[in-house]
Amino acid sequence: MRRFMDILLACIPFAIIFLSWQLLSLYGSFPQKLVPDLGQIAQTFVRLASEGVLWEAAKSTLYRLLLGFIISGFVGVFLGILMGRYKSVEDTLLPLISFVYPIPGIAYAPLFVLWFGLGDVPAILLIAFASTFIVIMNTWKGVKSVKPVWIKSAEIMGAKSTDIFWRIVLPGALPFILSGLRLGLAAAWRILVAVEMLMSVKVGLGWMIFGSQTFLNTDVMLATIALIGLIGVVLEKQIFEQIERRTVVRWGMVKG
């Protein structure tokens, strides 16, 4: 019963948005071309999916997303741990990271185009660059949040540095690291759609949105946006939630 109520509550905002959109489409002052009804959007989604257009675009976008995110994840977690563990590294890198961190990733797009040209390479590198700093900051805060008394107690009992890291520091920082990876993935998604519009990739979800805007195919645009949202939910549920349940929730560090 509780599970059913949770699902029902989660569906209420979607129902309100869908109903409002349908009313706007049917009775608003905008033409149907700009505000298509839900039935037309659903038909377009099914048509594009059955023709393979959506899946081909999604495959190309996910390829860029995952490559960029893997790079940012490894680099961000590594540098964040170093900053949290070693004061000299923190003092060296933190001013630079604090300066770059607030700058929107899309601001670097023209620079990456000049350096690397157009296509997949600059898109992947820009995704990695833009999301790395979010992972670094959260990982650093996570390592710094580990209580010194835990580390001191382990040292007194004769634990090696490697054991302290794997058994105390990393588990203690893991909730922050997972939050950083989640936020990094969300940032990668946001910038990727914009980057695909700017860097003349051959195919992708961002490219589809840009093309549909050019030809006023609002139904195609909204169907593509819906797929982006669905992929985001799947990545969240099937990757991060599963990792959390098997680690920090199982260990009692956060509530499930």
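Right above here is the structure, for reference.
On a predicted model such as this, the values are computed, not experimentally measured, just so you know.

Draft legend 1. Fine view of the packing of helix α5 (residues 109–116) against helix α6 (residues 120–145). α6 packs onto α5 with a crossing angle of 135° between their chain directions and a minimal axis gap of 9 Å. For the element pair α5 / α6, the angle class is oblique. Crossing geometry of α5 relative to α6 is assigned as right-handed. Facing α5, whose interface residues are A109, F112 and F116, α6 presents V121, P122, L125, L126 and F129. Class assignment of the residues belonging to the contact of α5 with α6 gives a composition of 8 nonpolar, no polar and no charged.

Draft legend 2. Spatial organisation of the environment of L93. Note on placement: L93 falls in helix α4 (residues 87–100). We classify L93 as partly exposed; its relative accessible area is 23%. Residues L93 and L79, spaced 14 residues apart in sequence, show a C-alpha to C-alpha distance of 8.9 Å. Apart from residues lying up to four places away in sequence, L93 is in contact with L79 and M83.

Draft legend 3. Just the packing of aromatic side chains, in detail. Going through the model one piece at a time under the given rule, you end up with 8 aromatic pairs. Seen in terms of ring centroids, W115 and F116 are 6.3 Å apart; in terms of plane orientation they differ by 90°. Their pairing is edge-to-face. Judged by its relative accessible area of 39%, F116 falls in the partly exposed class. Here the aromatic cluster, defined as three or more aromatic residues joined through ring pairs, consists of Y108, F112, W115, F116, F129 and F133.

Draft legend 4. Spotlight on the side chain of S212. Position of S212 among the secondary structure elements: in helix α9 (residues 205–214). Within the structure, the side chain of S212 is placed 2.8 Å from the backbone oxygen of I209, a separation counted as a polar contact. When residues no more than four places from it in sequence are discounted, the contact partners of S212 are N217, V220 and M221.

Draft legend 5. Quick peek at the packing of α4 against α6. One can describe the packing of α4 onto α6 by two numbers: an axis separation of 11 Å at closest approach and a directional angle of 135°. Overall, the two elements α4 and α6 adopt an arrangement that is oblique. As α4 runs across α6, the sense of the crossing is left-handed. Residues E90, L94, I97 and V100 of α4 form the contact with α6, whose participating residues are F129, F133, I136, M137, W140 and K144. Here the residues of the contact of α4 with α6 are counted per class, giving 8 nonpolar, no polar and 2 charged.

Draft legend 6. View of the environment of S60. Assignment of secondary structure puts S60 in helix α3 (residues 53–85). Each C-alpha atom of the pair S60 and W115 lies 22 Å from the other, and the pair is 55 residues apart in sequence.

Draft legend 7. View of the nonpolar core. Membership of the largest hydrophobic core comes to 55 residues, with the highest contact counts inside it found for L126, W189 and L205. The element best represented in this core is helix α8 (residues 161–198), accounting for 16 residues. For L126, the contacting residues outside a window of four places in its chain are G105, Y108, A109, F112, I191, V195 and M199.

Draft legend 8. Inspection of a nonpolar patch on the surface at higher detail. Side chains of L111, L114, W115, F116, V121 and L125 sit close together on the surface and give an oily, nonpolar patch of about 620 Å² of accessible area. Those elements that provide at least two residues to the nonpolar patch are α5 and α6. For V121, the position within the fold is in helix α6.

Cut-offs used in this document
Residues numbered from 1 in each chain as written. Predicted model: local features only at pLDDT ≥ 70, side-chain atom pairs only at ≥ 80, totals over all residues. Heavy atoms only, no water. Axes fitted to C-alpha atoms, helices over the stretch in contact; angles between N-to-C directions. Helix = DSSP H or I, 4+ residues; strand = E, 2+ residues; numbered from the N terminus. Parallel < 35°, antiparallel > 145°, perpendicular 65-115°, else oblique. Left-handed = near helix turned anticlockwise from the far one by under 90°. Contact = heavy atoms within 4.5 Å. Nonpolar A, V, L, I, M, F, W, Y, C, P; charged D, E, K, R; others polar. Buried < 20%, exposed > 50% of the residue type's maximum accessible area, 1.4 Å probe, protein only. Phe/Tyr/Trp six-rings, centres within 6.5 Å; stacked < 30°, edge-to-face > 60°. Polar contact = N/O pair within 3.5 Å; in protein donor to acceptor, adjacent residues only side chain to side chain. Core = buried A, V, L, I, M, F, W, Y, C linked by side-chain atoms within 4.5 Å. Patch = residues over 30% accessible without salt bridge, like charges linked within 9 Å, V, L, I, M, F, W, Y side chains within 5 Å. Areas by Shrake-Rupley, 256 points an atom, 1.4 Å probe, with all protein chains shown as cover. Salt bridge = Lys/Arg side-chain N within 4 Å of Asp/Glu carboxyl O.

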